[in-house]
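Examination of the molecular architecture
This is what each chain is made of:
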Amino acid sequence: MVKTIETTGNISLESEAVHAFKNAARPVALTGAGISVESGIPDFRSPGGLWTVYPAEEYATYDVFIRDAPKAWKLYREIGKTVEGAKPNPAHFALARLEEAGRLQGVVTQNIDGLHQASGSKNVIEIHGDHQHLQCVHCNSTIPVVREHFTDNNVPECAKCSKPLKPNVVLFGEAVRHMEEIVALVTTCDLVLVVGTSALVAPANSVPALVKKAGGLIFEFNMEKTALTEGMDAFFGMLDAESDYLFLGPAGETLSAFVDKALED
Ligand code: BV8
Ligand code: ZN
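Just so it is clear, the structure is predicted and the values come from calculations on it, not from any experiment.

Let's shift gears to the layout of surface pockets. Gaps left between atoms are located by rolling a probe of water-molecule size over the structure's atoms. Taken as a whole, the largest pocket encloses approximately 910 Å³ of empty space. The wall of the largest pocket is formed by 46 residues, among which Gly32, Ala33, Phe44, Arg45 and Ser198 lie closest to the centre. Of all the secondary structure elements, the ones that give two or more residues to the lining of the largest pocket are helix 5 (69–83) and strand 9 (217–222). In terms of residue count, the dominant contributor to the lining of the largest pocket is helix 5 (three residues).

Below, the discussion takes up the coordination of the zinc ion (ligand 2). Each protein donor to the zinc ion (ligand 2) is listed here as Cys136 (SG), Cys139 (SG), Cys158 (SG) and Cys161 (SG); together their distances run 2.3 Å. Viewed at the metal, the four donor atoms of the zinc ion (ligand 2) are separated by angles of 103 to 122 degrees, and the geometry they form is tetrahedral. Counting the intervening residues between successive donors of the zinc ion (ligand 2) yields the motif C-x2-C-x18-C-x2-C. Separated by 19 residues along the polypeptide, Cys139 in the loop between strand 5 (129–135) and strand 6 (142–144) and Cys158 in the loop between helix 8 (148–151) and strand 7 (166–169) bring together distant segments of the chain. Look at Cys139 and you get partly exposed, because its relative accessible area is 30%.

Turning our eyes to something else, we now look at unusual backbone geometry. With an omega of -5 degrees, the peptide bond between Ala202 and Pro203 qualifies as cis. In this model, Asn140 sits at a positive phi of 65 degrees, which is unusual for a non-glycine residue. Tracing the backbone shows Asn140 in the loop between strand 5 and strand 6. Residue Ala199 is not a glycine yet carries a positive backbone phi of 60 degrees. Inspection of the secondary structure assignment puts Ala199 in the loop between strand 8 (191–195) and helix 10 (207–213).

In this section: the sheet that holds strand 4 (residues 124–126). Ordered by their spatial adjacency, seven strands build an open sheet running 1-12-9-8-2-3-4, and the pairing between neighbours is parallel. This sheet does not close on itself; its edge strands, each paired only once, are strand 1 (3–5) and strand 4. The average angle at which neighbouring strand axes cross in this sheet is 20 degrees, direction not considered.

This part is about helix 6 (residues 90–100). Those residues of helix 6 that fall on the buried side of the exposure criterion are Ala91, His92, Ala94, Leu95, Ala96, Leu98 and Glu99. Those residues of helix 6 hidden inside the fold are in contact with helix 1 (11–23), strand 2 (27–31), strand 3 (107–109), helix 7 (115–118), strand 8 and helix 11 (251–262). By the N-cap criterion, in which a side-chain oxygen at the helix start approaches the backbone nitrogen of a residue two or three places on, helix 6 is capped by Asn89, the distance to Ala91 being 2.7 Å. Taken from the residues just after helix 6, Gly102 is the one with a positive phi, measuring 75 degrees.

Attention shifts here to the site of ligand 1. Around ligand 1 lies a shell of 34 residues, among which Phe44, Arg45, Thr197, Ser198 and Asn222 are the nearest. Within the backbone of Gln110, an N or O atom sits 3.2 Å from an oxygen atom of ligand 1. A distance of 2.8 Å separates an oxygen atom of ligand 1 from a polar backbone atom of Gly173. Taken atom by atom, the bulk of ligand 1 overlaps the largest pocket. For the shell around ligand 1, the class distribution of residues is 17 nonpolar, 12 polar and five charged.

Calculation notes
Position numbers for residues count from 1 along each chain, tracking the sequence in the order it is written. Written order decides the labels, with chains lettered from A and ligands numbered from 1. Owing to the predicted nature of the model, reporting of local features is limited to residues with pLDDT of at least 70; listing and counting of side-chain atom pairs is limited to 80 or more, with chain, interface and lining totals taken over all residues. To obtain the side-chain values, all non-hydrogen atoms of the structure were used and water was disregarded. A 1.4 Å probe that fits into a set of points on a 1 Å grid over the protein atoms alone but cannot get out defines a cavity; an open set with protein on both sides within 12 Å along at least five of seven lines defines a pocket, and lining residues are those with an atom within 4 Å of a point. Grid points are joined across faces, edges and corners, and a volume is the space filled by probe spheres set on the points. Under the DSSP-based scheme used, a helix requires at least four consecutive residues in state H or I and a strand at least two consecutive residues in state E, with every element numbered from the N terminus. Sodium, potassium and calcium take a 3.2 Å donor cutoff, other metals 2.8 Å, and in both cases only N, O and S atoms count; water is not among them, so sites may look incomplete. Labels for metal geometry use angle windows, namely 85 to 135 degrees for all angles of a four-donor tetrahedral site, and for square planar (four donors) or octahedral (six donors) sites opposite donors over 155 degrees apart plus all others within 65 to 115; sites meeting none of these are irregular. Exposure is judged per residue with a 1.4 Å probe applied to protein chains only, and the accessible area is read against the type maximum: over 50% gives exposed, under 20% gives buried, and values in between give partly exposed. Here, a strand pair is defined by DSSP locating no fewer than two bridges between the strands. Every axis in this analysis is a line fitted to C-alpha atoms, fitted for helices over the stretch in contact. Angles between the N-to-C directions lie between 0 and 180 degrees. In this analysis, two residues are considered to be in contact whenever any of their non-hydrogen atoms come within 4.5 Å of each other. Polar contact is defined as a pair of N or O atoms within 3.5 Å, subject to the rule that within protein one atom must be able to donate a hydrogen and the other to accept it, and that residues adjacent in sequence are counted only when both atoms are side-chain atoms. Nearness is judged by heavy atoms alone; a residue qualifies as near a molecule or strand once a single heavy atom is within 4 Å of it. To be counted as sitting in a cavity or pocket, a molecule needs more than half of its atoms within 2 Å of that site's grid points. Any residue outside Ala, Val, Leu, Ile, Met, Phe, Trp, Tyr, Cys, Pro, Asp, Glu, Lys and Arg is labelled polar, Gly included; the first ten of those are nonpolar and the last four are charged.

Read these as geometric descriptors, not functional statements.
Rendered as structure tokens:
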């Protein structure tokens, strides 16, 4: 049964959670778009988010990129523009402080905005790739993005084979990245901080279940309950998980306050 900690501060519950964190040997973080909302990057599924304007199945699939690159690039330009110039917020810095203090093994992020690295996190695994490069799926070359890629209206072409380029992100229907490394990290961790994700996208949403299966704890930081909070089965019942604690509120506040206490002697 999840224990919910409101930002109003359930002191006893919070200190119970901090105590459990202090006893964890190998915490890991899993983050989603919600951790970057306070950096000005809208998330995907909250009302008015990107997917309401550009439905994922219509714009963010590998198939649409191959069939109709100009259409797919309408979404990519929007994401490129929202990511450009964004700065890390206190939630990113909180995870970097934990890692710096040796109290976090690494961050598995679904985000493509590079803000964990910008805040000082070193071990960041981008399961959905990044928006800082363009990649050619035909000859496998990648180039760094420049602002024109998202301000011009044409589809950038590969200099080597002149095929259309795509952002170096994982689209729906494309295999995710670094899964072996991620499984190795999460199956040896004993506590996962799940920050700002609706836990709807597979296989990233199987990470908390892998931690739970290995006997670990799930600490969720979100504005609301998610599929994970009350218990979800990722992969149709094979892997289920339920949060042990839910810290309700903006991660910039809740996660920073939690980390302050977790790093106190
Ligand atoms: C794969 C690219 C196979 C664009 C993204 C049917 C059932 C189950 C699964 C599937 C299915 N049909 C297809 C699938 C698989 C599919 C999938 O999971 N679909 C779902 C939608 C049903 N997955 C895939 O296709 C993956 N690939 O399976 O490949 C394969 C294997 C081998 C060979 C070939 C193929 C690929 C998935 C990656 C897709 N790409 N983005 C881009 O980013 O540029 S996914 C997209 O969603 C983003 O990457 C995003 O990170 C990700 C997850 O979303 P969230 O990060 O959770 O964001 P969201 O808005 O949903 O939630 C934000 C949360 O934050 C909310 O809870 C909100 O309350 C909270 N929040 C907001 N503000 C704050 C906050 N919390 C705290 N503080 C705040 N201030
Ligand atoms: Zn090429």
